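Residue strings, one per chain:
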2 protein chains.
Amino acid sequence: MLIVGESINSTISAVGEAVKARNAAFIEELARAQVDAGAHMLDVNAGVAGADEVEGLAWLVDIVQKAVDVPLVLDSADPEAIEAALKMHKGRPFINSISGEKQKLDTLVPLIADNACSVIALCLDDKGIPETPEARLEIANLMVNQATAEGISPEDIYIDPLILSLGTGWNAAKVSLDTMKLIRRELPEVCITGGMSNVGFGMPNRRLLNRIFLAMAMVIGLDAAVIDVRDKKLMTVIHASNAILGKDPYCKLYFKAHRAGNLEV
Amino acid sequence: MLIVGESINSTISAVGEAVKARNAAFIEELARAQVDAGAHMLDVNAGVAGADEVEGLAWLVDIVQKAVDVPLVLDSADPEAIEAALKMHKGRPFINSISGEKQKLDTLVPLIADNACSVIALCLDDKGIPETPEARLEIANLMVNQATAEGISPEDIYIDPLILSLGTGWNAAKVSLDTMKLIRRELPEVCITGGMSNVGFGMPNRRLLNRIFLAMAMVIGLDAAVIDVRDKKLMTVIHASNAILGKDPYCKLYFKAHRAGNLEV
C-alpha cells in the first residue's frame, strides 16, 4: 500500500504561514520528517487565503523535491495551480483531485491524460457528497468512464470514497467502507484511496478510531492511504496490518520495525 | 457481534487446577469477571489431563450458571461430556465444536439437532487443517450440508475458519481472513466465528496483532468472537469497531464506555 504524507498542507496554519513567508527550511524539514517516517509520496497543498496558490504550489514542488526524493501529490482545487506545479515536478505525480463536478472534470481530465499522471478522484459532484454507497459508486463510474475515455489507465485512478467524521453522522464510516467494498467489486481495476484522519475527528480517542478504520480499509483493499505518517501508533498498525494481510513475507518488515524500536502500541 | 469469554478453559493451568480441585469460588469469580467485562456467553472447557471430563464439564456448567446468567459454550472433544453438560445446562447453549472429522460429525450432529443448540464448526477434517481458503470452504460446505440435513438451521451454525499464529506461517492470518470472505460470500446464511487470541502468539506485540485482526474480521462480518474479554484494549477495539461499522446508533455505547472510563487505548 502506498503511504502518502498529508502534512504539507497550507490549511494547517503553521504550514500556511511557512508557505506565505516562503520559509523553505520549515517545509524541507517537514518533507524529510515524513519521508523518514515512511512516506512513499508527499501531498503538497498551497491553498492559503491571501496568497497566490499558482506560485505557491510551484514553489512547494520545487522546495520539497530538492529536499526529498519522492514523487508528490499535487493538491489543489485550482487547475492553473496544478498546471504550473506539473511543469515544475520531476517524475510522475498524483493529482489531488478530480471529482464528479462537471467543470473540474472537463478541465482536469485532459491535463492529467496529457501528463500521464495518476489521479485521486473524489466521490462527490455538483450536488455534494451522496449519502449512499451506491450513489458514490455512480459518481466513481462517471469519473472512471470519462478518465479512461481520455486515455487514463484504470490503475492510475485512485477513487476516494470520502471519509467523514463519525461526528457528522454515526453511519458515516460505514458508508465509506461499504463504498470501498462496492468499488473493489464493481471496478476491480481501479485503485482505492482515502484520507485516514477524518473518521475520529471530534470523537473521544480520535486517533484510535482512525487506526481501526485504516486496518478495516486495508482488509477491503485500500491501495493508498493519505495519513499523518508521524503518528507512530498509526504506522505501527500499518506494519501489523501488512503482516496480517500476508503482504510482508516472513513478517520481515514487521520484525525489522520491532527491532528498530519503531513499533508503538 | 456475540462476545464469548474464553477464559474458563482447563488447558490454562490455574483453571485446570481449579476444575480438578472443584474450586467453585475460583470458577465463579472468573465467570463474573468475564460477564462484568462484557461477555455475552462463556466458553467452558474441562479437558484437563488426569480428570474425568464428563463429570468436570457438568460441574462447570452447574457452577457457572449459578454464578452468572448467560448461556454457555460447551467446549469438549468428548461427545459424552457434551451430552452430560447439555443435561445440566439451562437455556440454549453453543456446542464447541464439530469439524469435518467424520466420526465427530456423525456423533455430534444428531445430538445438536435434538437439543436445538447452536454449534461452532471448525474448518478441519481427518486430514488436518487445509492450507487454502477454498479447501476450508469445502469442509464448511460439508458440515453445513450434513447439519442442515439433520434439521439444524444455517443461522445456528458458526463456522470457524481456524486462526493460527503468524508464527506458524506468515500467510496464516490472510488465509483465515480470506476463508471468512469466502464463507460470507458463498454461505451467506451461516454465521462466522473464531478464536481471536492466536494470531499474535509468539510474535512481538502479540495483543496488538490480535486486536487488528479482530477489527479486520469484524469488517468482513464476524458474528461471534471468542476472546479474552478482560483485555481492555481488545474490548476498546470492539467498541470502536462497532461505532465505525454503524452497529452502535449515535455511537451511544462508545460514548458510554468512554464516560465510564472503559476505553483503554
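Coordinates for the structure precede this section.
Residues numbered from 1 in each chain as written. Chains lettered and ligands numbered in written order. Predicted model: local features only at pLDDT ≥ 70, side-chain atom pairs only at ≥ 80, totals over all residues. Heavy atoms only, no water.

A.B. asks: I'd like a description of the overall build of chain A, backed by residues and values.
C.D. replies: Along the backbone of chain A there are ten helices and eight strands. Taken over the C-alpha trace, chain A has a radius of gyration of 18 Å; the compact-globule value for 265 residues is 18 Å, and the two agree within 12%. With the C-alpha coordinates of chain A rotated into their principal frame, the extents come out at 45 × 45 × 35 Å. Counting all 265 residues of chain A, 56% fall into the buried class. By sequence separation, contacts in chain A at least 24 residues apart represent 67% of the contacts at least 6 residues apart. Taken as a whole, chain A presents about 10,800 Å² of accessible surface, with 50% of it coming from carbon and sulfur. Computed over 25 positive and 35 negative side-chain charges, the inter-centroid distance for chain A is 8 Å. (Helix = DSSP H or I, 4+ residues; strand = E, 2+ residues; numbered from the N terminus. Rg over C-alpha atoms; globule rule 2.2 N^0.38 Å. Buried < 20%, exposed > 50% of the residue type's maximum accessible area, 1.4 Å probe, protein only. Contact = heavy atoms within 4.5 Å. Areas by Shrake-Rupley, 256 points an atom, 1.4 Å probe, with all protein chains shown as cover. Lys, Arg positive; Asp, Glu negative; His and termini not counted. Charge placed at Lys NZ, Arg CZ, Asp CG, Glu CD.)

A.B. asks: Break down the interface of chain B and chain A for me, with residues and values.
C.D. replies: Every contact between the two is made by 38 residues of chain B and, on the other side, 38 residues of chain A. Interface area for chain B against chain A, summed over the two sides, is near 3,300 Å², with a carbon-plus-sulfur share of 77%. Our count for the chain B to chain A interface comes out at zero salt bridges. Along the contact surface separating chain B from chain A lie six residue pairs in polar contact (both at pLDDT 80 or more). When contributions to the side of chain B that touches chain A are tallied by element, the ones reaching two or more residues are helix 7 (172-186), helix 8 (206-220), helix 9 (232-244) and helix 10 (252-259) of chain B. The element best represented in the side of chain B that touches chain A is helix 8 of chain B, accounting for nine residues. (Buried area = accessible area lost by both parts, 1.4 Å probe. Salt bridge = Lys/Arg side-chain N within 4 Å of Asp/Glu carboxyl O. Polar contact = N/O pair within 3.5 Å; in protein donor to acceptor, adjacent residues only side chain to side chain.)

A.B. asks: Can you lay out the relation of the copies chain B and chain A for me, pointing to particular residues and giving the numbers?
C.D. replies: You can overlay chain B on chain A at an RMSD of 0.0 Å; the transform is a turn of 180 degrees with a shift of 0.0 Å along its axis. In the structure described here, the two chain copies are related by an operation that fits a two-fold rotation axis. In terms of proximity to the rotation axis, the leading residue of chain B is methionine 216 of chain B, whose C-alpha is 2.6 Å off the axis. When you check the interface residues of chain B against chain A, 100% turn up at the interface there too, and the contact is symmetric in its surfaces. (Least-squares fit on C-alpha atoms with pLDDT ≥ 70 in both.)

A.B. asks: Before we move on, can you summarise helix 8 of chain B with the specific residues and values?
C.D. replies: Residue and element names in this part refer to chain B. With 15 residues, helix 8 should reach 21 Å at 1.5 Å per residue; the first-to-last C-alpha distance of 22 Å fits that figure. Within helix 8, 13 of the 15 residues are buried, leaving the element largely enclosed by the surrounding structure. Phi turns positive, to about 125 degrees, at glycine 221, one or two residues after helix 8. (Expected span 1.5 Å × (residues − 1).)

A.B. asks: Tell me about the environment of valine 70 of chain B, and please be specific about residues and values.
C.D. replies: Relative to the helices and strands, valine 70 of chain B resides in the loop between helix 3 (53-67) and strand 3 (72-75). Taking the C-alpha atoms as reference points, valine 70 of chain B and threonine 168 of chain B, 98 residues apart in sequence, are found 34 Å from one another.

A.B. asks: Quick rundown of the sheet that holds strand 4 (residues 94-99) of chain A? Include the residues and the values.
C.D. replies: Residues and elements named next belong to chain A. Spatial strand order, 1-2-3-4-5-6-7-8: eight strands in a closed barrel with parallel pairing. Taken pair by pair, the neighbouring strands of this sheet meet at an average axis angle of 30 degrees, ignoring direction. Judged from the three bridges that link them, strand 3 (residues 72-75) and strand 4 form a sheet pairing that is parallel. Residue pairing across strands places leucine 74 opposite isoleucine 95, the latter belonging to strand 4. (Pairing = 2+ DSSP bridges. Axes fitted to C-alpha atoms, helices over the stretch in contact; angles between N-to-C directions.)

A.B. asks: I'd like a rundown of the sheet that holds strand 5 (residues 118-122) of chain B, residues and numbers included.
C.D. replies: Residue and element names in this part refer to chain B. Spatial ordering of the closed barrel is given by 1-2-3-4-5-6-7-8, a layout of eight strands whose pairing is parallel. Strand after strand, the sheet turns through a mean of 30 degrees between neighbouring axes, direction not considered. Bridge analysis of strand 4 (residues 94-99) against strand 5 gives five bridges, and the strand direction is parallel. Within strand 5, the residue paired with asparagine 96 across the bridge is isoleucine 120. Contacts from helix 3 reach strand 1 (2-9), strand 2 (41-45) and strand 3 within the one sheet, and its direction differs from that of strand 2 by about 155 degrees.

A.B. asks: Hey, could you go over the pattern of salt bridges for me, with residue numbers and the actual values?
C.D. replies: A pair can form between side chains of opposite charge whenever their charged atoms are brought close. Residue and element names in this part refer to chain A. Considering all chains together, one arrives at 24 salt bridges over all chains under this definition. In this structure, lysine 102 and aspartate 106 form a salt bridge, with 2.5 Å as the shortest nitrogen-oxygen distance. Taken as a pair, lysine 102 and aspartate 106 lie in helix 5 (residues 102-115) at a separation of four residues, close to a single helical turn. Under the relative-accessibility criterion, lysine 102 is labelled exposed at 53%. Overall, aspartate 106 belongs to the partly exposed group, its relative accessible area being 35%.

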